[in-house]
Amino acid sequence: MQKLLLLHGALGSQDHFNTLKIELSQNFEVYSFNFKGHGGSEIPNDGFSISKFADEVLAFMEQHHIQNTNIFGYSMGGYVGLYLAKHFPEKVAKLFTLATKWDWTLENATHESKMLNPSTIKEKVPKYADSLAALHGDNWEMLVQKTAAMMLDLGMNPTFKNTDFIEITTPTLVAVGDKDIMVSIEETAAAYRLLPNAQLLVMPNTSHPIDRVNAALLIYQIQHCFL
């Protein structure tokens, strides 16, 4: 049975994959975990970065004696997955990314990070604040702040340049929802065109939040990609 590792997005947790794991376990040996600071885990003193999250994936794989695996990465998880495909290609059999933002600039990073202000979230979208507290515990505000700082750093120092994409030969399915207002179809298609061994998928009637993605459709696409 093939191995499949599910990587969650920023401000998310492995709990978002509960339904997927139940269904996918019929065909895959499924794994998931929480990145540091997420899902109630302790927030590290230093900042977040894609390379540090990738190191956490490698440590998890070593702990569970996983030499090589398929990866489904949602949003930031897809970015981490592609980082692994570039720097540790022997670890990634195939990669499926969904709702991953590829075009990081200082302008869009500043825009996104401004939305990640704990005080503003509590004032303007209290239900979202409550959901973050339920998902991550009392330290959710610090988690939000560290995530905003990571986004700004990505805007100033994008992890991937065009020359990086063209060097990645791991079979990759790059997907985006047709109603995603954070990640554009254009930037997703641009990444797809640069990757030498990629396919492009636009999922219908699909917005950015993972909890609003049609689970049955996503399960079908994951199975179609990896089986």
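It should be noted that the structure appears before, not after, this text.
Computed from a prediction, not measured in an experiment: that's the story for all the values here.

Rules of the game
The residue numbering used here restarts from 1 in each chain and proceeds along that chain's sequence as written. The predicted nature of this model means local features are confined to residues of pLDDT at least 70 and side-chain atom pairs, given and counted, to a pLDDT of 80 or more, with totals for whole chains, interfaces and linings taken over all residues. Note that water and hydrogens are dropped before the side-chain values are worked out from all heavy atoms of the structure. Only strands joined by at least two bridges in the DSSP assignment are considered to pair. By the criteria applied, helices consist of DSSP H or I runs no shorter than four residues and strands consist of E runs no shorter than two, each listed in order from the N terminus. Note on geometry: axes are lines fitted to C-alpha atoms, helical ones only across the stretch in contact, with angles between N-to-C directions running from 0 to 180 degrees. By definition, residues are in contact when any of their heavy atoms lie within 4.5 Å. Each aromatic pair joins two rings of Phe, Tyr and Trp (for Trp, the six-membered one) with centres within 6.5 Å, and gets the label stacked for planes under 30 degrees apart, edge-to-face for over 60, and tilted for any other angle. Burial here depends on accessible area, computed with a 1.4 Å probe over protein chains only, as a share of the maximum for the residue type. Under 20% is buried, over 50% is exposed, and the range in between is partly exposed. Here a salt bridge means any side-chain nitrogen of Lys or Arg lying within 4 Å of a carboxyl oxygen belonging to Asp or Glu. Any angle from 65 to 115 degrees is called roughly perpendicular, while one under 35 is roughly parallel, one over 145 is roughly antiparallel, and all others are oblique. Residue type decides the class: Asp, Glu, Lys and Arg count as charged, Ala, Val, Leu, Ile, Met, Phe, Trp, Tyr, Cys and Pro as nonpolar, and the leftover types, Gly among them, as polar.

Asker: Before we move on, could you go through the sheet that holds strand E1 (residues 2–7) and cite the residues and values that matter?
Answerer: If you walk across this open sheet you meet the 6 strands as E2-E1-E3-E4-E5-E6, and the pairing is parallel. Of all strands in the sheet, those bounded by a partner on one side alone are strand E2 (28–32) and strand E6 (198–203). Along the sheet, successive strands turn relative to each other by an average axial angle of 20°, direction set aside. Both E1 and strand E3 (residues 69–74) contribute to a ladder of 4 bridges, which runs parallel. Within E3, the position partnered with Leu6 by the bridge is Phe72. Helix-sheet contacts for helix H3 (residues 76–87) involve E1, E3, strand E4 (92–98) and strand E5 (172–177), and the interaxial angle to E3 is about 145°.

Asker: Break down the packing of aromatic side chains for me, with residues and values.
Answerer: The way to describe two aromatic rings as a pair is by their centre distance and the angle between their planes. With the rule as written, the count across this model stands at 12 aromatic pairs. When the centroid spacing of 4.8 Å and the interplanar angle of 50° are considered together, the rings of Phe35 and Phe53 count as tilted. One end of the pair, Phe35, is in the loop between E2 and helix H2 (50–63); the other, Phe53, is in helix H2, and 18 residues separate them in sequence. When its relative accessible area of 1% is taken as the criterion, Phe35 is described as buried. Centroid distance Trp102 to Phe165: 5.9 Å. Interplanar angle 75°. Geometry classified as edge-to-face. Of the two residues, Trp102 sits in the loop between E4 and helix H4 (106–114) while Phe165 sits in helix H8 (residues 162–165), which places them 63 residues apart along the sequence. Residue class for Phe165 comes out buried when judged on its relative accessible area of 4%. Linked through ring pairs, Tyr31, Phe33, Phe35, Phe48, Phe53 and Phe60 together constitute an aromatic cluster.

Asker: Go over the pattern of salt bridges, please, and point to the residues and values.
Answerer: Summed over all chains, the structure comprises 6 salt bridges. For Asp164, the salt bridge identified is with Lys86, shortest N-O distance 3.5 Å. On the criterion of sequence distance, the pair formed by Asp164 in helix H8 and Lys86 in helix H3 is long-range, its members being 78 residues apart. Residue Lys86 is classed as partly exposed on the basis of its relative accessible area, which comes to 23%.

Asker: Which residues make up the packing of H2 against H3, and what values do they have?
Answerer: At their nearest, the axes of H2 and H3 sit 9 Å apart, and the two run at 75° to each other. Here H3 runs roughly perpendicular to H2, going by the angle between their axes. Across the interface between the two elements, Ile50, Ser51, Phe53, Ala54, Val57 and Leu58 of H2 pack against Met76, Tyr79, Val80, Tyr83 and Leu84 of H3. Classifying every residue of the contact of H2 with H3 gives 10 nonpolar, 1 polar and no charged.

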